[in-house]
Amino acid sequence: MAKRKVVKRKAKKRSGRKRGGAGAAAAGGKLPKDAVTLVVHMKSRDGQELLLEAELRALIAPTRKEEGCLLYELHRSADAPGGFLFYEIWASREAHAAHLRTDHFLRWSARKDALTASRESTFWKKIA
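Just so it is clear, the structure is predicted and the values come from calculations on it, not from any experiment. (Residues numbered from 1 in each chain as written. Predicted model: local features only at pLDDT ≥ 70, side-chain atom pairs only at ≥ 80, totals over all residues. Heavy atoms only, no water.)

Visitor: Explain the sheet that holds strand 4 (residues 116-124) here, please?
Guide: Hydrogen bonds between backbone atoms are what pair the strands of a sheet, whose relative direction is either parallel or antiparallel. The 4 strands are arranged 2-3-1-4 in an open sheet whose pairing can be described as antiparallel. Among the strands making up the open sheet, the edge pair consists of strand 2 (69-76) and strand 4. Neighbouring strand axes in the sheet, compared pairwise and without regard to direction, differ in orientation by 10 degrees on average. Helix 2 (residues 49-64) contacts strand 1 (36-44), strand 2, strand 3 (83-90) and strand 4 of the sheet and is inclined by roughly 165 degrees relative to strand 2. Running over the sheet, helix 4 (residues 103-115) touches strand 1 and strand 4 and is turned about 125 degrees from strand 4. (Pairing = 2+ DSSP bridges. Helix = DSSP H or I, 4+ residues; strand = E, 2+ residues; numbered from the N terminus. Axes fitted to C-alpha atoms, helices over the stretch in contact; angles between N-to-C directions. Contact = heavy atoms within 4.5 Å.)

Put into structure tokens, the structure is as follows:
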């Protein structure tokens, strides 16, 4: 019988985020005291659903790298064609305000009116 070779792997180095960051937010853990949740509902203009989705997807990677971004998830409506939702958790309102000044968000901001029929956003505070 052949012996199996055991390979030990080094543990992956954790990111520089502090405890209570993205991992805690995704797992439903404790958030920073000033953390806010932002829910953004959007409906695409007729014929613009694929372009809108592409623009929204382009925001994900650079936004998740931003200081203060604890969670940034894009969802598509299971019931309404052309419906999208961003579920975001930010360390503070100030962190979200800084997001609004980034190059990738400014690019999106210049395009959003041509792609969306409606947009609504609401900030929330976690209570439990």
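That was the structure; now back to the text.
Visitor: Honestly, the confidence of the model for the protein in this entry has me stumped. Any pointers?
Guide: Should pLDDT be low for a region, the predicted coordinates there are not to be read in detail. Counting all residues, the mean pLDDT for the protein is 86, and 78% of those residues have values of 70 or more. Taken as a whole, residues 9-20 scores under 50 in pLDDT and shows 9 contacts with residues more than four places along the chain or in a different chain. (pLDDT = per-residue confidence, 0-100.)

Visitor: Just to check I follow, could you spell out the nonpolar core for this structure?
Guide: Nonpolar side chains tend to gather and get buried jointly when the protein is soluble and globular. Counting 17 residues, the largest nonpolar core has L56, Y72, F86 and W108 as its most contacted members. The set of elements that each furnish at least two residues to this core consists of strand 1, helix 2, strand 2, strand 3 and helix 4. When near neighbours in sequence (up to four residues on either side) are disregarded, L56 contacts M42, L74, F84, F86 and W108. If you look at the next biggest cluster of nonpolar residues, it comprises 5 residues, including L31, L70, L71 and I89. (Core = buried A, V, L, I, M, F, W, Y, C linked by side-chain atoms within 4.5 Å. Buried < 20%, exposed > 50% of the residue type's maximum accessible area, 1.4 Å probe, protein only.)

Visitor: Please clarify how the packing of aromatic side chains should be interpreted in this entry.
Guide: Taken as a whole and assessed by the stated rule, the structure comprises 2 aromatic pairs. Centre to centre, the rings of Y72 and W90 are 6.4 Å apart; their planes meet at 75 degrees, and the pair counts as edge-to-face. Separated by 18 residues along the polypeptide, Y72 in strand 2 and W90 in strand 3 bring together distant segments of the chain. For W90, a relative accessible area of 0% gives the class buried. Here the aromatic cluster, defined as three or more aromatic residues joined through ring pairs, consists of Y72, F86 and W90. For the cation-ring pair, R93 lies above F123, with the distance from its terminal atom to the ring centre recorded as 3.9 Å. (Phe/Tyr/Trp six-rings, centres within 6.5 Å; stacked < 30°, edge-to-face > 60°. Lys NZ or Arg CZ within 6 Å of the ring centre and 35° of its normal.)

Visitor: I would appreciate a short explanation of the pairing of strand 2 in the present structure.
Guide: The side chains of a regular strand alternate, residue by residue, between the two faces of the sheet. Here 7 bridges tie strand 2 to strand 3, and the two strands are oriented antiparallel to one another. In the sheet register, E73 faces strand 3, and the bridge partner there is Y87. Where strand 2 folds back onto strand 3 in an antiparallel hairpin, the turn is made up of 6 residues, including G82, whose phi is positive at roughly 85 degrees.

Visitor: Can you walk me through the side chain of E53 in this structure?
Guide: In this fold, E53 is placed in helix 2. With relative accessibility at 11%, the residue E53 sits in the buried group. With residues near it in sequence (within four places) discarded, E53 still touches R76 and F84.

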